[in-house]
Amino acid sequence: MKRLGLVYHDDYLKHDTGEMVYDFGTEQMSVGLEFENPKRVKLIKEMLEKSGLLNKMQTFHPSPATTEDILRVHTEEHINNMQRIAKEGTGKRIFGEEVYGSDVSEEIARLSAGGALKAVDIAMDSQYDVKQAYALIRPPGHHATKEKAMGFCLYNNVAIAARYAQEKYGVKRVAIVDWDVHHGNGTQDIFYDDDNVLFISVHEDGYFPLEGGDMEEVGIGDGLGYNVNVPLPSGTDDKGYIHVFEHIVVPMLKEYQPELLLVSAGQDPNALDPLSRMLVLRPGFRKMAQMMREVAEEICDGRLVAFQEGGYSLPYLPIATLGVLEGLMDVDTGFEDPHVVPIRTMHEDVKQVVAKCKEIHQAYRKMLN
Ligand code: ZN
């Protein structure tokens, strides 16, 4: 079994996104909690406890990220906006396009980013005897750009973590693999002209955000060839994702040779998720996590951090995340997934996406075979 640190704080439950309300003009109706709600991480934590996995992990508590930490990625104006919106008015706050919260949400977003930083410390600092960590944090981060909140994200946790690793530990090359079902537009925006961060986003084609995430977005200036988008057809399952990891993600990481590997682990490509049309199950998540662990062990002394991004099926998010942690820790909890569906053959279009992605990126680097 591999040792894994878990970064978590109960205060993540205080980020209250409220209820989803449909407006019929004179009448309104609530259809329950917003998709990104506290129950998500609460259920993951409970799953870890009940499965016995938590006892095998080392748990760490984070401190909030400082303004200096956040300023490595976001503009001062963005930070001021987040603080102002949190303080203004009463009830549900709107921090940006599809970003909801309350008066404490800016503080909890700092604690979420702080969880990302703690996880980097665990991976990089020799005082800890683990080199891999899972940051069970919220709000998520990968849609937040330098200057705006978006898609449930106030601050871009993984980007703040990458810059922190470079500044505090002198890491030159960082790779970020984003398997959240939605394009990591914020992370792309932040590192688009930077060859010291390789960003690979594997996502559902033509979904949120509706603009961007195309294969032809390959970076600019120094960053040319260091931004990789793999937009997959709806209905892609375990086999399709594993095909992409085998043929694009792992070979690119091996060529890039990062000193630290970060994963934006949004488990929303799961087959039961309300915010995607993909078919990934626990074995697929376990395999992707295992591949990331193995490649980190091969190329960067095992230094690997995964950050909670999306995942909105309350029944399946804990099971999908259990798969990720089993893959990272190289254990099988023996939990019997009640939602197993027959494994389909791989979506045929995935092969075409992989072939085209290779063709585009062969222009920049010699990767692949
Ligand atoms: Zn997502």
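Rules used throughout
Going along each chain's sequence as written, the residues are numbered from 1 onward. For a predicted model such as this one, the threshold for reporting local features is a pLDDT of at least 70, and the threshold for listing and counting side-chain atom pairs is 80 or more; totals across whole chains, interfaces and linings nevertheless cover every residue. Processing note: side-chain calculations cover all non-hydrogen atoms of the structure and skip hydrogens and water entirely. Helix and strand assignments come from DSSP, with helices taken as H or I runs of at least 4 residues and strands as E runs of at least 2, each series counted from the N terminus. How far a helix is expected to stretch is found by multiplying one less than its residue total by 1.5 Å. Think of it in three bands: residues with accessible area under 20% of the maximum for their type are buried, residues over 50% are exposed, and the middle band is partly exposed, with areas taken using a 1.4 Å probe on protein chains only. Here the arc refers to the directions that run from the helix axis out to each C-beta atom. We call two residues in contact whenever any of their non-hydrogen atoms come within 4.5 Å of each other. Cavity means a closed set of points on a 1 Å grid over the protein atoms alone, one where a 1.4 Å probe fits but cannot get out, pocket means an open set with protein on both sides within 12 Å along at least 5 of 7 lines, and lining means a residue has an atom within 4 Å of a point. Grid points are joined across faces, edges and corners, and a volume is the space filled by probe spheres set on the points. Under the scheme applied, nonpolar residues are Ala, Val, Leu, Ile, Met, Phe, Trp, Tyr, Cys and Pro; charged residues are Asp, Glu, Lys and Arg; polar residues are all the others, including Gly. Between Lys or Arg on one side and Asp or Glu on the other, a salt bridge is scored when a side-chain nitrogen of the former is within 4 Å of a carboxyl oxygen of the latter.

**Student:** Account for helix H3 (residues 76-87), naming residues and giving values.
**Tutor:** Taking 1.5 Å of rise per residue, the twelve residues of H3 would be expected to cover 16 Å, and the 17 Å separating its terminal C-alpha atoms lies within 8% of that figure. Residues of H3 that are buried include every one of His78, Ile79, Met82, Ile85 and Ala86, and no others. Angular distribution of buried residues about the axis of H3 spans 135°; they occupy a single face of the element. H3 presents Glu76, Glu77 and Lys87 as exposed residues on the side facing more than 90 degrees away from its buried surface. On its buried face, H3 sits against helix H2 (67-71), strand E5 (93-96) and helix H4 (105-124). Looking one or two places after H3, you find Gly89, whose phi comes out positive at around 70°.

**Student:** Break down the layout of surface pockets for me, citing the residues and quoting the values.
**Tutor:** In this structure, the largest pocket occupies an estimated 270 Å³ of space. In terms of residue class, the lining of the largest pocket is built from eleven nonpolar, five polar and five charged.

**Student:** An account of the pattern of salt bridges is needed here, citing residue identities and associated values.
**Tutor:** Evaluated as defined, the whole model comprises 26 salt bridges. Note that Glu46 and Lys50 form a salt bridge whose closest N and O atoms lie 3.8 Å from each other. Placement of the pair is Glu46 and Lys50 together in helix H1 (residues 39-51), with a separation of four residues, close to one helical turn. Accessibility expressed as a relative area gives 65% for Lys50, which makes it exposed. For Glu297, the salt bridge goes to Arg293, with nearest N and O atoms at 3.9 Å.

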